[in-house]
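Examination of the molecular architecture
Below, each chain spelled out in residue letters.
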Amino acid sequence: MRLLTHNTLRNNTADAKGKGFPLKITATEIRVEETAPTMEVDRQVAFCKNMLSRLDWPALVQASRDMGIPTLPPVLTDEMAHDTAFLQALYKILMQVHLEQGMLTCPVTGREFPVTNGIPNMLLEEEECEHVKL
Amino acid sequence: MTSRPELTGHASLFYNQKEARKYHSSSRMIGVQREITERAMELLRLDPNTPALILDVGCGSGLSGQILEENGHVWLGCDVSRDMLTVANNTAKQQSQQPPKEESMQQDDSDDEEEEEEEEGASTGDLMHHDMGTGLPFRPATFDACISISALQWLCYSNSKNQNPKKRLLRFFSSLYTVLKRGGRAVLQFYPETADQAVLISETATKVGFAGGVVVDYPNSAKAKKHYLVLSFDRSSTQQQQQQQRPLTTGMHEQQQQQHVTVGSTMEGANNKKKKAPKKKKGVKTKEWIVHKKAMQRKKGKDVRPDTKYTARRRPHKF
Ligand SMILES: C[S@@+](CC[C@H](N)C(=O)[O-])C[C@H]1O[C@@H](n2cnc3c(N)ncnc32)[C@H](O)[C@@H]1O
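Throughout what follows, the structure given in this document is the object of discussion. Please read these numbers as outputs of a predicted model, since none were measured by experiment. Position labels on residues start from 1 in each chain and follow its written sequence. Ligands are numbered from 1 and chains lettered from A, in the order in which they are written. Thresholds applied to this predicted model are a pLDDT of at least 70 for local features of residues and 80 or more for the giving and counting of side-chain atom pairs; totals over whole chains, interfaces and linings are not thresholded and use all residues. With hydrogens and water excluded, all non-hydrogen atoms of the structure serve as input to the side-chain values.

**Here's the deal with the overall build of chain A**
The condition is simple: The helix and strand labels rest on DSSP assignments: H or I over at least four residues marks a helix, E over at least two residues marks a strand, and numbering proceeds from the N terminus. Accessibility here uses a 1.4 Å probe with only protein chains present; expressed as a share of the type maximum, an area under 20% marks a residue as buried, one over 50% as exposed, and anything in between as partly exposed.
Within chain A, the secondary structure is distributed over five helices and four strands. For chain A, the N- to C-terminal ordering of α and β elements is α-β-α-α-α-α-β-β-β. When the backbone C-alpha atoms are referred to their principal axes, chain A occupies close to 45 × 30 × 25 Å. Counting the 134 residues in chain A, one finds 54% classified as buried.

Quick look at the structure:
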């Protein structure tokens, strides 16, 4: 599971009432990929620019710390958002740092989602799901 | 594969280890899924110059994701079958360990120096084990787009007493509406067993607020016929008014007469397709095909990697 993915995830059980974010990371095994995903550097930067407004920055800072990366600045400035070198480094953090084994815990309900072989298990029992009216 | 695996029980039981490997290494399957996904991409109408974050629902072994990747996008795949995900995962890990590979399909429009030096590397995809019928577990307005290839029909079947297909469809679509960025589109190709299923699916999508409808390719061929549910947010456009005047999905019967049931802006793409006669399925891309395609792209002045012994080399599936 990439840090990018973590930043998008939310516990959607009914009892979390839409507030199950950010999931707390307990890391057992972390993998840092050496090669960047198939994308030209220009595109990497463009991708980060595209994502910036959607990222929850405090959640990313916390998650990257939980994954052993203390270097992200606590506040995202306008300057950084236009700094190519910074965006390139951000791409690495979002895309190349993987949680291989560990646990994700909902901050509201404590519901746990295990991560094994890099894949988070977000399966829910029918009883846990949000109620829908037909 | 039986003709209707959905009737055999839970998807994760059908797509077990054996089936997952078989699926992922069948050249026929690879070719079919590629063609469908490329068509879905066409209907998505993403700006090719903006790398997007795309959700792939029912990603399976990653065949559909592969096409998103070739188009320079980042994707997140969800699937209910752990065995399919394992195959996808192993393929991705192998890919990141391989020497630079030849990529004929890459849409390299820029002719940057840098990009020549750039080694092709890891997958742009990530994976999650999840059942779409329980609702998508993401923050609102997260994805630029969503695709789903040959998976949605599974939601029409109940695998246990407490699974209600209508509820699961509704939960899926309302969560999809939430997690898509405003202005984003979703294209979901599916195999309805009956006309009623197609109606139920597209009606549920409009019920949660989506605009859009079903595009049917090759409507007169029982074998090649494909349904694409194309969803967007532009409910205020004139196209939408047009849409309100006719039912979202008409029955199969009517579709065959109409050739295409299209709504609003999906019309153009569908009409293009109409002119084409159903193609013979080619399966995997042959070396000749790739060399030809690369030559064509070079002619157009595109920056294409030279042909080498690695061109069209088969990637290993074993692990
Ligand atoms: C025919 S495969 C297509 C896989 C991939 N999209 C492709 O194009 O190769 C259908 C996939 O849908 C998945 N699926 C079925 N029901 C699902 C559900 N409720 N939630 C998520 N995935 C599901 C299956 O596990 C299977 O991997």
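**Observations concerning the nonpolar core**
The following threshold applies: We call a set of buried residues a nonpolar core when its members are Ala, Val, Leu, Ile, Met, Phe, Trp, Tyr or Cys and they connect through side-chain atoms within 4.5 Å of each other. Any two residues having at least one pair of non-hydrogen atoms within 4.5 Å are treated as being in contact.
With 78 residues, the main nonpolar core has Leu90 of chain A together with Phe138, Leu152, Phe172, Phe173, Leu176 and Leu229 of chain B as its most contacted residues. Other than its neighbours up to four places away in sequence, Leu90 of chain A contacts Cys48, Leu52, Leu55, Trp57, Leu60 and Leu72 of chain A. Ala40, Ile67, Leu68 and Val187 of chain B belong to the second largest nonpolar core, which has 23 residues in total.

**Things to note about the site of the ligand**
Residues and elements named next belong to chain B. Stated precisely, the cut-off is as follows: For this description, a residue counts as near a given molecule or strand if any of its non-hydrogen atoms is within 4 Å of it. Two N or O atoms form a polar contact when they lie within 3.5 Å of each other; inside protein one atom must be a possible hydrogen donor and the other a possible acceptor, and for residues adjacent in sequence the pair counts only when both atoms belong to side chains. Think of it as three bins: nonpolar holds Ala, Val, Leu, Ile, Met, Phe, Trp, Tyr, Cys and Pro, charged holds Asp, Glu, Lys and Arg, and polar takes everything else, Gly as well.
Taken together, 21 residues surround the ligand, and among them Tyr23, Gln33, Gly58, Asp79 and Asp131 come closest. Contact between the ligand and Gln33: an oxygen atom at 2.8 Å from a side-chain N or O atom of the residue. Between the ligand and the protein, one listed contact pairs a nitrogen atom with a backbone N or O atom of Met132 at 3.0 Å. By residue class, the composition of the shell around the ligand is 11 nonpolar, seven polar and three charged.

**With respect to the packing of helix α3 (residues 27–44) of chain B against helix α4 (residues 63–70) of chain B**
All names here are of chain B. Our working rule: Helix axes use the C-alpha atoms of the stretch in contact, all axes being lines fitted to C-alpha atoms, and the angles between their N-to-C directions lie in the range 0 to 180 degrees. Oblique is the label for every angle not falling under 35 degrees (roughly parallel), over 145 degrees (roughly antiparallel), or within 65 to 115 degrees (roughly perpendicular). Crossing chirality is assigned from the near helix's rotation relative to the far helix, an anticlockwise turn below a right angle marking it left-handed and a clockwise turn marking it right-handed.
As a packed pair, α3 and α4 sit with axes 9 Å apart at the nearest point and diverge in direction by 50 degrees. With respect to α4, the element α3 is oriented oblique. The handedness of the crossing between α3 and α4 is right-handed. Contacts between α3 and α4 involve Met29, Ile30, Gln33, Arg34, Thr37, Glu38 and Met41 on the former and, on the latter, Leu63, Ser64, Gln66, Ile67, Leu68 and Glu70. By residue class, the composition of the contact of α3 with α4 is six nonpolar, four polar and three charged.

**What to know about the sheet that holds strand β6 (residues 211–217) of chain B**
Residue and element names in this part refer to chain B. We apply this condition: Any two strands with at least two DSSP bridges between them are considered paired.
Spatial strand order, β3-β2-β1-β4-β5-β7-β6: seven strands in an open sheet with mixed pairing. Of all the strands in the sheet, the pair left with one neighbour each is β3 (125–129) and β6. Adjacent strand axes in the sheet meet at a mean angle of 15 degrees when their direction is disregarded. Strand direction decides the pairing type here: β6 and strand β7 (residues 226–232), joined by seven bridges, are antiparallel. By the bridge assignment for β7, Asp217 is matched with Lys226. Lying on the sheet, helix α7 (residues 165–179) is in contact with β1 (53–57), β4 (143–149), β5 (180–190) and β7; it crosses β5 at an angle near 140 degrees. Lying on the sheet, helix α8 (residues 195–207) is in contact with β5, β6 and β7; it crosses β7 at an angle near 10 degrees.

**Details of the environment of Gln189 of chain B**
Residue and element names in this part refer to chain B. Inspection of the secondary structure puts Gln189 in strand β5. With a relative accessible area of 0%, Gln189 lands in the buried category. Sequence separation between Gln189 and Ile36 is 153 residues, and the spatial gap between their C-alpha atoms is 7.7 Å. Beyond its immediate stretch of four places on either side in the chain, Gln189 contacts Ile36, Ser148, Ile149, Ser150, Ala151, Lys226, His227 and Tyr228. A distance of 2.7 Å separates a polar side-chain atom of Gln189 from the backbone nitrogen of Ser150.

**Section: the pattern of salt bridges**
For the record, the criterion: Each reported salt bridge corresponds to a side-chain nitrogen of Lys or Arg within 4 Å of a carboxyl oxygen of Asp or Glu.
Across all of its chains, the model carries 16 salt bridges over all chains by this definition. Arg2 of chain A serves as the salt-bridge partner of Glu33 of chain A, at 3.9 Å between the closest nitrogen and oxygen. Taken together, the residues Glu33 of chain A in the loop between β1 (24–32) and α2 (41–52) and Arg2 of chain A in the segment before α1 (3–8) connect sequence positions 31 residues apart. Glu33 of chain A sits in the buried class, given a relative accessible area of 9%. Using a relative accessible area of 2% as the deciding quantity, one classes Arg2 of chain A as buried. Across the pair Asp66 of chain A and Lys24 of chain A runs a salt bridge whose closest N-O atoms are separated by 3.5 Å. One end of the pair, Asp66 of chain A, is in helix α3 (residues 57–66); the other, Lys24 of chain A, is in strand β1, with 42 residues separating them in the sequence. Asp66 of chain A sits in the partly exposed class, given a relative accessible area of 22%. The network of salt bridges with shared partners includes Arg2, Arg31, Glu33 and Glu100 of chain A together with Lys93 of chain B.

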